[in-house]
Amino acid sequence: KWQRSIYQAAKWIQNKREFKKDSSSFGLLPAGFSAEHFGPNDCYYWDDFWGVAGLEASAFLAEQFDDHKNAAKFLSNARDLMNCIEKSLKMTTGQTKGNAMPASPHRRMDAGAIGSLVAGYPLQLFSAQDPRLFNTAEFLFRECFVQGGFYQEISHSGINVYLTLHVAQVFLRAGDPRFFDVMSSMAS
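What counts and how
Residue positions within a chain follow its written sequence, with the count starting from 1. Local features are withheld for residues below a pLDDT of 70 in this predicted model, meaning they are given only at 70 or higher, and side-chain atom pairs are given and counted only at 80 or more; totals for whole chains, interfaces and linings count all residues. Computation of side-chain values: all heavy atoms of the structure, hydrogens and water removed. A carboxyl oxygen of Asp or Glu within 4 Å of a side-chain nitrogen of Lys or Arg is what we treat as a salt bridge. Counting from the N terminus, the helices are the DSSP runs of H or I reaching at least four residues and the strands are the DSSP runs of E reaching at least two. For the exposure calls, accessible area comes from a 1.4 Å probe over protein chains only, and a residue counts as buried if that area is under 20% of its type's maximum, exposed if over 50%, partly exposed in between. Between two residues, a contact is recorded if the distance between any of their heavy atoms is within 4.5 Å. Two strands pair if DSSP finds at least two bridges between them. Stacked, tilted and edge-to-face pairs are distinguished by plane angle, under 30 degrees for stacked and over 60 for edge-to-face with tilted covering the rest, among Phe, Tyr and Trp rings (Trp via its six-membered ring) whose centres lie within 6.5 Å. To sit over a ring, a charge needs its Lys NZ or Arg CZ within 6 Å of the ring centre and within 35 degrees of the ring normal.

## Quick word on the pattern of salt bridges
1) Next: Here the structure, examined in full by the defined rule, presents eight salt bridges.
2) Next: The partner of Asp80 in a salt bridge is Arg17, with the nearest N and O atoms 2.8 Å apart. Remark: Arg17 occurs in the loop between helix 1 (3-16) and helix 2 (45-64) and Asp80 occurs in helix 3 (residues 68-96); sequence separation between them is 63 residues.
3) Next: With relative accessibility at 33%, the residue Asp80 sits in the partly exposed group.
4) Next: Relative accessible area serves as the criterion here: at 5%, Arg17 is assigned to the buried category.
5) Next: Ionic pairing is found between Arg132 and Asp130, a salt bridge with its closest N-O pair at 2.7 Å.

## Observations concerning the side chain of Thr164
1) Next: By secondary structure assignment, the location of Thr164 is in helix 5 (residues 161-174).
2) Next: Those residues in contact with Thr164 that sit more than four places away from it in its chain are Phe145, Gly148, Gly149, Phe150, Val182 and Met186.

## Side note on the sheet that holds strand 2 (residues 149-152)
The pairing of strands in a sheet happens through backbone hydrogen bonds and is either parallel or antiparallel.
1) Next: What the three strands build is an open sheet, ordered 1-2-3; its pairing is antiparallel. Both edges of this open sheet fall to strand 1 (145-146) and strand 3 (158-159), since each of them pairs with a single strand only.
2) Next: Bridge count between strand 2 and strand 3: two bridges; the pairing is antiparallel. Note on strand 3: the bridge partner recorded for Tyr151 is Ile159.

## Observations concerning the packing of aromatic side chains
1) Next: The full count for this structure, using the stated rule, is 11 aromatic pairs.
2) Next: Consider the rings of Phe179 and Phe180, whose centres lie 6.3 Å apart with planes at 85 degrees: the pair is edge-to-face.
3) Next: Overall, Phe180 belongs to the partly exposed group, its relative accessible area being 46%.
4) Next: What links up through ring pairs into an aromatic cluster is the set Phe134, Phe141, Phe145, Phe150 and Phe171.
5) Next: A cation over a ring is seen here: Arg178 above Phe141, with NZ or CZ 4.9 Å from the ring centre.
6) Next: The ring of Phe171 has Arg178 lying over it, and the distance from NZ or CZ to the ring centre is 4.3 Å.

## Comments concerning unusual backbone geometry
1) Next: The omega angle of the peptide bond from Tyr121 to Pro122 is 10 degrees, so this bond is cis rather than trans.
2) Next: Within the fold, Pro122 resides in the loop between helix 3 and helix 4 (131-144).
3) Next: Its identity is not glycine, yet Asp22 carries a phi of approximately 60 degrees, on the positive side.
4) Next: Mapped onto the fold, Asp22 is located in the loop between helix 1 and helix 2.
5) Next: On the basis of relative accessible area, Asp22 is assigned to the exposed category, the value being 84%.
6) Next: The backbone of Gln124 sits at a positive phi, close to 55 degrees, despite the residue not being glycine.
7) Next: One can find Gln124 in the loop between helix 3 and helix 4.

Structural data, given as structure tokens:
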């Protein structure tokens, strides 16, 4: 029942990718508004990470349909998209002053970087010990927390419980005890 829709979604992700030569967003999904709390129209890593997860899920489901050809194709596309993300992230290290992930290859570190944490939670595309995740969470904790919660300065959301818990999840998975303080603050 779902096979056709799943395949169309996977093909849509692959077909939307842009391959502009010498671009820091080579192979990534095009600029868009993504989630409103990231800011203006841009090429957001959030979209790309979800694209990788969508392609991987499509590959898994194709395997369940015994369609090994499409499963292999979707998995190959997921890996290629992840490779493009990795290359793009390497290009951003100069503008982020370290190993943290901005919201977009075209942005400095700001509150929108909260979206890049999706690679750790909930998608778990990066290991719990990946320094890019931890350094991004550390930046957000140091620069964007107010009264124990993540304060989203870019849009209307203010102290945002849902996004604060993304930081807590990264800390929890990395074994950083600050997860408990962040979680307790949100429970309060």
